[in-house]
Amino acid sequence: MRFLALCLTAFGSFCALFLVAKFIGHKQISQLDFFDYITGITIGSIAAEMATELEEPWKPLTAMVIYGGVTLLLSVISNKFPRARKYLNGTPTILMDHGKLYYQNLKKAKLDLSEFMVMCRQQGYFDLTSIETAVFEYNGKLTILPVSSQRPATPKDMDLAPEQELFFTELIMDGRILEDNLKRMGLDLNWLDRQLKQRHIRSPRDVVLAVCDPNLKFVLFKKDPAGK
């Protein structure tokens, strides 16, 4: 009986954590600010406690709901009131500009010179003279603007006007036709069948992936003859 209760509380903890995470929203680890990171760890710890709490599981559940609710509330406030963002999320800090290193700003960002150098090298900047501006973002990432002579050349620099690339939509995945995507693009099965026949494909099952853009540029990848 106790084992069954443990299984139920663990499952309940998982469901609660899943729902709280859904309400808070999706962010990559690199996008989390300090408060989000700490809140995520705290909610995870509470969920772990709830998974093994057999006597009063509602207590950690309540704490999870409160933490999730407050985090969601702060997110709404940040979106609705831009001026509040600098107090909730912090503000970017300029660490280097026009070849000048701002040592006081490094201290403000709680970075030492070694850490700053490491972050520069991680982005491929081994020579500080090739950096025009370095900004320490509120999420802990370093954004670097290179000097004009060091940045990669663009088509505009060479007076070129390449055709704009468009978003591709999947039409076939793992041998299965995605009819909803096909209809969304204003296409039908007859059009798709013609495209396959032009490429000597007898069946969609012989295709790993087929994609198409709004200009009807059709690209497909056939399955390996050995079925791999």
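See above for the structure.
Residues numbered from 1 in each chain as written. Predicted model: local features only at pLDDT ≥ 70, side-chain atom pairs only at ≥ 80, totals over all residues. Heavy atoms only, no water.

Topic: the packing of aromatic side chains
Applying the stated criterion across every chain yields a total of one aromatic pair. With a centroid separation of 5.7 Å and an interplanar angle of 90°, the aromatic rings of Trp-191 and Phe-218 are classed as edge-to-face. Here Phe-218 lies in strand 8 (residues 218-222) and Trp-191 lies in helix 8 (residues 189-198), a separation of 27 residues in the sequence. Residue Trp-191 is classed as buried on the basis of its relative accessible area, which comes to 10%. What makes Phe-218 buried here is its relative accessible area of 8%. (Phe/Tyr/Trp six-rings, centres within 6.5 Å; stacked < 30°, edge-to-face > 60°. Helix = DSSP H or I, 4+ residues; strand = E, 2+ residues; numbered from the N terminus. Buried < 20%, exposed > 50% of the residue type's maximum accessible area, 1.4 Å probe, protein only.)

Section: the pattern of salt bridges
When the charged atoms of two side chains lie near each other, side chains of opposite charge can form a pair. For the structure on display, the rule yields two salt bridges. Residue Lys-59 pairs with Glu-56 through a salt bridge whose shortest N-O separation is 2.9 Å. Between Asp-193 and Lys-197 there is a salt bridge; the shortest N-O distance is 3.3 Å. You can see Asp-193 and its partner Lys-197 sitting in helix 8, four residues apart, about one turn around the helix. You can call Asp-193 partly exposed: its relative accessible area is 33%. (Salt bridge = Lys/Arg side-chain N within 4 Å of Asp/Glu carboxyl O.)

Examining the sheet that holds strand 6 (residues 176-177)
Taken in spatial order, the four strands make up an open sheet running 6-5-7-8, and their pairing is antiparallel. Edge positions in the open sheet fall to strand 6 and strand 8, since each of these has one partner strand only. Pairing analysis gives two bridges linking strand 5 (residues 169-173) to strand 6, with the strands arranged antiparallel. Along strand 6, the bridge assignment pairs Met-173 with Arg-176. The strands touched by helix 8 are strand 5, strand 6, strand 7 (207-212) and strand 8; relative to strand 8, the strand with the most contacts, the crossing angle is about 60°. (Pairing = 2+ DSSP bridges. Contact = heavy atoms within 4.5 Å. Axes fitted to C-alpha atoms, helices over the stretch in contact; angles between N-to-C directions.)

Comments concerning the nonpolar core
By size, the foremost hydrophobic cluster in this structure holds 14 residues, and its most contacted members are Leu-95, Phe-116 and Leu-142. Elements with a contribution of two residues or more to this core: strand 1 (93-97), helix 6 (113-122), strand 3 (131-136) and strand 4 (142-146). Filtering out sequence-adjacent residues up to four positions away, Phe-116 remains in contact with Leu-95, Met-96, Leu-101, Leu-106, Leu-128, Ala-134 and Leu-142. Of all hydrophobic cores here, the second largest spans 13 residues; its members include Leu-187, Leu-192, Val-207 and Leu-220. (Core = buried A, V, L, I, M, F, W, Y, C linked by side-chain atoms within 4.5 Å.)

Overview of the pairing of strand 5
In summary, the side chains of a regular strand alternate between the two faces of the sheet. Pairing analysis gives four bridges linking strand 5 to strand 7, with the strands arranged antiparallel. Among the inter-strand pairings, Ile-172 is bridged to a residue of strand 7, identified as Ala-210. If you look at the hairpin formed by strand 5 and strand 6, you'll find two residues sitting between the two strands, and Asp-174 has a positive phi there, around 55°.

A closer look at the sheet that holds strand 2 (residues 100-101)
The strand order across the open sheet formed by four strands is 2-1-3-4, and the pairing between neighbours is antiparallel. Each of the sheet's edge strands pairs with one partner strand only, and the pair in question is strand 2 and strand 4. The sheet contact formed by strand 1 and strand 2 spans two bridges and is antiparallel. For Asp-97, the partnering residue across the bridge sits in strand 2 and is Lys-100. The strands that helix 6 touches are strand 1, strand 2, strand 3 and strand 4; relative to strand 4, the one it contacts most, it runs at about 65°.

Describing helix 3 (residues 58-80)
If you check helix 3, its first and last C-alpha atoms are 32 Å apart, about what 23 residues at 1.5 Å a residue would give, namely 33 Å. Of all the positions in helix 3, only Pro-60, Met-64, Gly-68, Thr-71 and Ser-78 are classed as buried. (Expected span 1.5 Å × (residues − 1).)

With respect to a nonpolar patch on the surface
A grouping of Phe-14, Phe-18 and Leu-19 is seen on the molecular surface, where their side chains present a nonpolar patch of about 340 Å² in accessible area. Counting through the fold element by element, Phe-18 comes out in helix 1 (residues 2-24). Residue classification places Phe-18 among the partly exposed residues on the basis of a relative accessible area of 45%. (Patch = residues over 30% accessible without salt bridge, like charges linked within 9 Å, V, L, I, M, F, W, Y side chains within 5 Å. Areas by Shrake-Rupley, 256 points an atom, 1.4 Å probe, with all protein chains shown as cover.)

Let's talk about the environment of Gly-44
Counting through the fold element by element, Gly-44 comes out in helix 2 (residues 34-52). Residues Gly-44 and Phe-14, spaced 30 residues apart in sequence, show a C-alpha to C-alpha distance of 9.9 Å.

Some words on the pairing of strand 1
Counted residue by residue, strand 1 has four buried out of five residues, so it is predominantly covered. From the end of strand 1 to the start of strand 2, which pair antiparallel, there are two residues, and His-98 there has a positive phi angle of about 55°.

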